[in-house]
Amino acid sequence: MYCINCGVKLADSEKRCPLCAVTVFHPELDRPEGEALYPPHHNPAPQVSSRGLQIVLTTAFLLPLLITLLCDLQINGLVTWSGYVVGALIVGYVALVLPIWFRRPNPVIFVPCFFVAVGLYLLYINLATGGSWFMSFAFPVVGGIGLILTAVVALLRYVRRGKLYIIGGAAAALGAFMPLTEYLIYITFQRPRFVGWSLYPLTALVLLGGMLIFLAIHRPARETMERKFFI
Ligand SMILES: [Zn+2]
């Protein structure tokens, strides 16, 4: 027998390694319940500074933004088409670069930030094009999906158990949201008739959500699925 920690040769009677005091392990011998096999190993996560990446990515977004704005102002004397580009760049920045500013990115903060940015961008497009679809369509749809996804990331982060309930519930909620979306499109854009296409995603999402909740309740089925998909 050899010590699993330092490799020293051990007598069969030894319970602990005489050199490093690690409990002797032999696969054929019983081990006391709850006793650790290895000595505690402290491996602090290396502190990687992301400051450089933040600056490079911020510049990568800021440079085209300023160039677009200056070109537009030079040509037209006011913000015309550059407003859309600037808005899209800001939404992209909030989605891709903002999380890097946090040491431990918390989706409960930046998921709603992203939806607020998308909402403001759509409001800008609506105002710039003289549309009237923001309040009756874009705001409730972006707001609704934003609320559902924020609730999901918050629950997944702060509730330790019941992931399947959370994801299943979210799928069903998104499904239920579909007919509302179709209705908002119908009244906002004055469609000739109500088609009912939303019933397909509604059915699919509610079935998916129901299946996940069934797996959450039904333990044998869940274990079979876990074995099948190696999770
Ligand atoms: Zn040892």
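Further up the page is the structure itself.
Note that the coordinates shown come from a computational prediction; the quantities given were computed from them, not determined experimentally.

Visitor: Looking at this structure, I do not really get the coordination of the zinc ion. What am I missing?
Guide: The expected angle between donors at a tetrahedral four-coordinate metal is 109.5 degrees. At an octahedral six-coordinate metal it is 90 or 180 degrees. Around the zinc ion, the protein contributes the donor atoms Cys3 (SG), Cys6 (SG), Cys17 (SG) and Cys20 (SG), which lie 2.2 to 2.3 Å from the metal centre. Around the zinc ion sit four donor atoms, and with donor-metal-donor angles ranging over 101 to 116 degrees the site reads as tetrahedral. All donors of the zinc ion come from a single chain, and their spacing in sequence reads C-x2-C-x10-C-x2-C. Here Cys3 is found in the segment before helix H1 (51-76), whereas its partner Cys20 is found in the segment before H1, with 17 residues between them in sequence.

Visitor: Would you explain the environment of Thr203 in this entry?
Guide: With respect to the helices and strands, the residue Thr203 is situated in helix H6 (residues 199-217). Spatially, the C-alpha atoms of Thr203 and Ala176 are 8.9 Å apart, while their sequence positions differ by 27 residues.

Visitor: Help me out: how do you make sense of unusual backbone geometry in this one?
Guide: Most peptide bonds are trans, and most residues other than glycine sit at a negative phi. With a phi angle near 70 degrees, Ala21 is a residue other than glycine that sits in the positive phi range. Residue Gln190 is not a glycine yet carries a positive backbone phi of 45 degrees. Tracing the sequence through the fold places Gln190 in the loop between helix H5 (163-188) and H6.

Visitor: Even after reading the chapter, I still don't get the pattern of salt bridges, so can you show me in this structure?
Guide: Oppositely charged side chains can pair when the atoms bearing their charge come close. A full pass over the atoms with the stated rule returns one salt bridge. For Glu223, the salt bridge goes to Arg219, with nearest N and O atoms at 2.9 Å. With a gap of four residues between them, Glu223 and Arg219 both fall in helix H7 (residues 219-228), about one helical turn apart.

Visitor: Is there a simple way to explain the packing of H6 against H7 in this structure?
Guide: To characterise two packed helices, one gives the angle between the axes of the helices and the distance between these axes. Two elements in contact, H6 and H7, have axes whose closest approach is 5 Å; the angle formed by their N-to-C orientations is 105 degrees. Judged on the interaxial angle alone, H7 and H6 are roughly perpendicular. Within the contact between the two elements, H6 uses Phe214, Leu215, Ala216 and Ile217 and H7 uses Arg219, Ala221, Arg222 and Met225. Looking at the contact of H6 with H7 residue by residue, the class counts come to six nonpolar, no polar and two charged.

Visitor: Please explain the nonpolar core as it appears in this structure.
Guide: Among soluble globular proteins, nonpolar side chains are generally buried collectively. Membership of the largest hydrophobic core comes to 13 residues, with the highest contact counts inside it found for Val91 and Trp133. Secondary-structure elements contributing two or more residues to this core are helix H2 (82-96), helix H3 (107-128) and helix H4 (134-158). Of the residues forming this core, the biggest block, six residues, is contributed by H3. For Trp133, the residues in contact, after removing those within four places along its chain, are Leu122, Ile125, Asn126, Ala138, Thr188 and Phe189.

Visitor: What exactly am I supposed to notice about the packing of aromatic side chains here?
Guide: Evaluation of the coordinates by the stated rule reveals seven aromatic pairs. Consider the rings of Phe61 and Tyr93, whose centres lie 5.4 Å apart with planes at 85 degrees: the pair is edge-to-face. Taken together, the residues span a long stretch of sequence, with Phe61 in helix H1 and Tyr93 in helix H2 at a distance of 32 residues. Residue classification places Phe61 among the buried residues on the basis of a relative accessible area of 16%. You can call Tyr93 buried: its relative accessible area is 18%. Between Phe134 and Phe139, the aromatic rings sit 5.9 Å apart at their centres with planes inclined by 45 degrees, giving tilted as the arrangement. For Phe134, a relative accessible area of 7% translates into the label buried. The class for Phe139 is partly exposed, based on a relative accessible area of 48%. By the ring-pair criterion, three or more aromatic residues cluster together here, those being Tyr183, Tyr186 and Phe194.

Conventions adopted
Residues numbered from 1 in each chain as written. Predicted model: local features only at pLDDT ≥ 70, side-chain atom pairs only at ≥ 80, totals over all residues. Heavy atoms only, no water. Donors = N, O, S within 2.8 Å, 3.2 Å for Na, K, Ca; no water. Tetrahedral: all angles 85-135°; square planar, octahedral: opposite > 155°, others 65-115°. Helix = DSSP H or I, 4+ residues; strand = E, 2+ residues; numbered from the N terminus. Salt bridge = Lys/Arg side-chain N within 4 Å of Asp/Glu carboxyl O. Axes fitted to C-alpha atoms, helices over the stretch in contact; angles between N-to-C directions. Parallel < 35°, antiparallel > 145°, perpendicular 65-115°, else oblique. Contact = heavy atoms within 4.5 Å. Nonpolar A, V, L, I, M, F, W, Y, C, P; charged D, E, K, R; others polar. Core = buried A, V, L, I, M, F, W, Y, C linked by side-chain atoms within 4.5 Å. Buried < 20%, exposed > 50% of the residue type's maximum accessible area, 1.4 Å probe, protein only. Phe/Tyr/Trp six-rings, centres within 6.5 Å; stacked < 30°, edge-to-face > 60°.

What is shown is where atoms sit, not what they do.
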